[in-house]
Amino acid sequence: MADCRSFDVVIAGGGHNALVAAVLLARAGRSVVVLERRAELGGAAVSATPFPGFDVRLSRYSYLVSLFPAALLKTLGVSVEIRPRRIAAYPPPTMDASFNAIAQRVFPTLIEPLRSREEFRDLVGDDAVWSALFETPLSELIERSFADDLTRGTVLTDALIGTFAPADDPLLRQNRCFLYHVVGGPWNVPVGGMGALSSALADAARHAGAQLETRADVISIATDEKTAEVTCADGQIYAADHVLANVAPAVLGELLGEPAERPEGAQLKINMLLKRLPRVPGASSEEAFTGTFHVNEGYEQLAAAYREASAGRIPSTPPCEVYCHSLTDSSVLGDDLRRHGVQTLTLFGLHMPARLFEHATAKERAVAATLRSLNSALAEPIEDCLLGLEALTPPELEAELGMPGGHIFHRDLAWPFAETDDEVGTWGVETEHANVWLCGAGARRGGGVSGIPGHNAARAVLDADAAHC
């Protein structure tokens, strides 16, 4: 029989949010253990060497940082450089200036207790913008504001990252995704790759006194609302006052024996190593690929791709966007590769839901269609430049990272305010159990590489402890 080890807090899952929470809780005097199923910490925020024989460390899954508050990084004592891209996008993005003012007001609230819907509306302070972003499908704002199909499409893409929805979705899933992109501001490059951020967070957690364990596969969580037990596949049991779940809500439900609805991811991620950047009509390669290079993301093209994917077909012209990490941060490449002009390229394909990848040949067909789509925007085939290519489908993300359906946000994003009276003043990480908390992307105000759910879960635990003193 395995012994039972006791901690104040057990964190199931070792993604970057878990590490943020571990730092804050350990510094507050709590005994903390982080249990990670895989051999490395960081979850989706890791670097890898997917191309044998090449000295390159790619941000394999998550690849850009936007919503991580600078003040939180400073509090954590993490000094990783988050470097802006010299060019944000090609073609250049279009954004209503009023959104910038809203972002400045909203962003600080993401690491505060939840406001009511009415309080949040007062914070926004613009009834027209409130209606456009929070009450009516984004299609109405886009179609009213822009006449050009390409401009409409490039604006809409910010509403579709990791979100399978049409522009006129009455559930407003696209609006919520768009809001987080607006609030997050520019999407920046973690110097050294995404793994540098997670490694720095892990070092800070260890220095604070947290215990970090890998190859610790959590298989069940039990709670009587006052104490909890977490059991791993090797039989080891961990007792705790609090459990933080750095897993998707659907996974937490399974661990608690309370199965929840599974989400569906909708993206194809392709990592490429190139002997040189491909030529682009009308622009230099550096101008095109330093920021986000939009490919077949016109408004009507996005709508057509959504219709095809909804019908169970791989889009004939997949919309996608690419960018070159190594143009902003060459440190991810070894010295020899840099001398020879080698570059990386990251592609994010939209409207590729998990349902499309049930057939054995689906991945091959999806990759081929996506490369054809990319080539249609280039002056030469991307294949002429390739040294290596790795593609990741939603089912593969689920298998590798435990994300149900390969959903990169763990589930559809939620509004960053309380939607019921009971939620007002909470941290958006609460579950139906008094001592079990979400601390990953599936929490309210989750998604992206932000550290916000980790911070909020730590604050919720400390508030709960204070209330019981």
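Residues numbered from 1 in each chain as written. Predicted model: local features only at pLDDT ≥ 70, side-chain atom pairs only at ≥ 80, totals over all residues. Heavy atoms only, no water.

### Brief notes about empty space enclosed by the protein
Okay, so step 1: Taken as a whole and judged by the stated rule, the model has 2 cavities of 30 Å³ or more.
Okay, so step 2: As a volume, the largest cavity reaches approximately 60 Å³.
Okay, so step 3: Taken together, Arg57, Leu58, Ser59, Tyr63, Tyr323, His325, Val332, Thr344 and Thr346 form the lining of the largest cavity.
Okay, so step 4: The computed volume of the second largest cavity comes to approximately 40 Å³.
Okay, so step 5: In terms of lining residues, the second largest cavity is bounded by Phe409, Arg411, Asp412, Leu413, Ala414, Ala441, Gly442 and Ala443.
Okay, so step 6: When grouped by side-chain class, the residues that make up the lining of the second largest cavity number 5 nonpolar, 1 polar and 2 charged. (1 Å grid on protein atoms, 1.4 Å probe; cavity = no way out; pocket = protein on both sides within 12 Å on 5 of 7 lines; lining within 4 Å. Points joined across faces, edges and corners; volume = space filled by probe spheres on them. Nonpolar A, V, L, I, M, F, W, Y, C, P; charged D, E, K, R; others polar.)

### Notes on the nonpolar core
Okay, so step 1: Residues Ile11, Leu35, Leu76, Val78, Leu197 and Leu244 are the most contacted members of the largest nonpolar core, which totals 66 residues.
Okay, so step 2: If one sorts the elements of this core by residue count, helix α1 (residues 16–27) sits on top with 9 residues. (Core = buried A, V, L, I, M, F, W, Y, C linked by side-chain atoms within 4.5 Å. Buried < 20%, exposed > 50% of the residue type's maximum accessible area, 1.4 Å probe, protein only. Helix = DSSP H or I, 4+ residues; strand = E, 2+ residues; numbered from the N terminus.)

### Focus: the pattern of salt bridges
Okay, so step 1: Evaluated as defined, the whole model comprises 20 salt bridges.
Okay, so step 2: In this structure, Asp465 engages Arg30 in a salt bridge whose closest nitrogen and oxygen atoms are separated by 3.0 Å. Of this pair, Asp465 sits in helix α17 (residues 452–468) while Arg30 is found in the loop between α1 and β2 (32–35), placing the two residues 435 residues apart along the sequence. (Salt bridge = Lys/Arg side-chain N within 4 Å of Asp/Glu carboxyl O.)

### Here's the deal with the packing of aromatic side chains
Okay, so step 1: This model, assessed by the stated rule, comprises 13 aromatic pairs.
Okay, so step 2: Ring plane angle 25° and centroid distance 5.8 Å describe the contact between Tyr63 and Tyr323, whose orientation is recorded as stacked. With a gap of 260 residues between them, Tyr63 in the loop between β4 (58–59) and α2 (70–76) and Tyr323 in strand β14 (residues 320–323) connect regions that are remote in the sequence. Each of the two residues, Tyr63 as well as Tyr323, counts as buried.
Okay, so step 3: Taken together through their ring pairs, the aromatic side chains of Phe120, Trp130, Phe134, Trp415 and Phe417 make up a single cluster.
Okay, so step 4: When the ring centre of Trp415 is taken as reference, the NZ or CZ atom of Arg176 above it lies at 5.9 Å. (Phe/Tyr/Trp six-rings, centres within 6.5 Å; stacked < 30°, edge-to-face > 60°. Lys NZ or Arg CZ within 6 Å of the ring centre and 35° of its normal.)

As far as function goes, none of this settles anything; it's purely spatial.
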